[in-house]
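Given next are the chains, with one letter for each unit.
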Amino acid sequence: MTIYQELDVALRRLEATMMAANLWRMERPSEAAFASQQPFCVDTMSLPQWLRFVFVARLDALVEARGALPAKCEVAPVVDTFLAQQGVKATDRLLVLKAVEEIDRLVTENQPACRRDTFFFLFLMQ
């Protein structure tokens, strides 16, 4: 299986776990919300919105295009903190966190040694 196939499977797993945890159904943020200069669009979106409409959507685009992946992806710690603060049920929190950790691992471990940019910078630069 190629890295793109593995990443696609991991993204579908994240979608499914977010759906099961009732973290997927929401309105799309306004176009202005996507112009945020803050990491994870914290000033314009909830974290589940960012995961769905930025993180998953942009990684899907990279998978589709077989594009260069970010050199580093460390989204799981932010997801863990958010879900804990929101009081998400422990089993849902664990499943979502494991899905994001798998994406972090796949992206970070499949990079040429010369690339040192980080994932959230990719999303901030538009």
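Q: What's the story with the packing of aromatic side chains in this structure? I'm lost.
A: Geometrically, a pair of aromatic rings is defined through the distance of the ring centres and the angle of the planes. The tally for this structure, following the rule as stated, stands at two aromatic pairs. When the ring of Phe40 is compared with that of Trp50, the centres are 4.8 Å apart and the planes differ by 80 degrees; the resulting orientation is edge-to-face. In this pair, Phe40 is assigned in the loop between α1 (3-20) and α2 (47-65) and Trp50 in helix α2, connecting sequence segments 10 residues apart. The burial state of Phe40 is the same as that of Trp50; both residues are buried. Aromatic ring contacts, followed pair by pair, group Phe40, Trp50 and Phe55 into a single cluster.

Q: Would you take a moment to explain the packing of α1 against helix α4 (residues 90-109) for this structure?
A: Geometrically, a packed helix pair is captured by the angle between its two axes and the distance between the axes. Look at α1 against α4: their axes get within 9 Å of each other, and the N-to-C directions meet at 160 degrees. In terms of orientation, α1 lies roughly antiparallel with respect to α4. As for how α1 packs across α4, the hand of that crossing is left-handed. Only Leu95, Val96, Ala99, Val100, Glu102, Ile103, Leu106 and Val107 of α4 make contact with α1, whose side of the interface consists of Ile3, Glu6, Leu7, Ala10, Leu11, Arg13, Leu14, Thr17 and Met18. Tallied by class, residues from the contact of α1 with α4 come to 13 nonpolar, one polar and three charged.

Q: So what exactly am I meant to see when it comes to the pattern of salt bridges here?
A: Between side chains of opposite charge, a pair can form as their charged atoms come close. Overall, the coordinates contain nine salt bridges when judged by the stated rule. Put simply, Glu15 and Arg12 hold a salt bridge, and the shortest N to O gap is 2.6 Å. Placement of both Glu15 and Arg12 in helix α1 is noted, with a separation of three residues, approximately one turn of the helix. Assessed through its relative accessible area of 16%, Glu15 is described here as buried. Taking the shortest distance from any N to any O, the salt bridge between Lys72 and Glu74 comes out at 3.3 Å.

Q: Looking at this structure, I do not really get the environment of Thr81. What am I missing?
A: Structurally, Thr81 can be placed in helix α3 (residues 76-85). Separated by 12 residues in sequence, Thr81 and Arg93 have C-alpha atoms that sit 9.9 Å apart.

Q: How should the nonpolar core be read in this particular structure?
A: Within soluble globular proteins, side chains that are nonpolar generally end up buried alongside one another. Leu7, Leu14, Trp50, Phe55, Val75, Val96 and Ile103 are the most contacted members of the largest nonpolar core, which has 39 residues in total. Sorting the residues of this core by element identifies α1, α2, α3 and α4 as the ones contributing at least two each.

Q: I'm lost on the environment of Leu62 in this one. Help?
A: Assignment of secondary structure puts Leu62 in helix α2. Taking C-alpha positions, Leu62 is 9.9 Å from Asp8, a pair spaced 54 residues apart along the chain.

Q: What am I meant to see in the confidence of the model for the protein here?
A: Low-confidence regions, as indicated by low pLDDT, have predicted coordinates that should not be scrutinised in detail. In this model, the protein carries an average pLDDT of 89, and 87% of its residues clear a pLDDT of 70 or more. Taken as a whole, residues 113-126 scores under 50 in pLDDT and shows 30 contacts with residues more than four places along the chain or in a different chain.

Q: Help me out: how do you make sense of the side chain of Glu15 in this one?
A: Within polar-contact distance, the side chain of Glu15 engages the side chain of Arg12 at 2.6 Å. Among residues more than four places away in sequence, those in contact with Glu15 are Trp24, Val56 and Asp60.

Conventions adopted
Residues numbered from 1 in each chain as written. Predicted model: local features only at pLDDT ≥ 70, side-chain atom pairs only at ≥ 80, totals over all residues. Heavy atoms only, no water. Phe/Tyr/Trp six-rings, centres within 6.5 Å; stacked < 30°, edge-to-face > 60°. Helix = DSSP H or I, 4+ residues; strand = E, 2+ residues; numbered from the N terminus. Buried < 20%, exposed > 50% of the residue type's maximum accessible area, 1.4 Å probe, protein only. Axes fitted to C-alpha atoms, helices over the stretch in contact; angles between N-to-C directions. Parallel < 35°, antiparallel > 145°, perpendicular 65-115°, else oblique. Left-handed = near helix turned anticlockwise from the far one by under 90°. Contact = heavy atoms within 4.5 Å. Nonpolar A, V, L, I, M, F, W, Y, C, P; charged D, E, K, R; others polar. Salt bridge = Lys/Arg side-chain N within 4 Å of Asp/Glu carboxyl O. Core = buried A, V, L, I, M, F, W, Y, C linked by side-chain atoms within 4.5 Å. pLDDT = per-residue confidence, 0-100. Polar contact = N/O pair within 3.5 Å; in protein donor to acceptor, adjacent residues only side chain to side chain.

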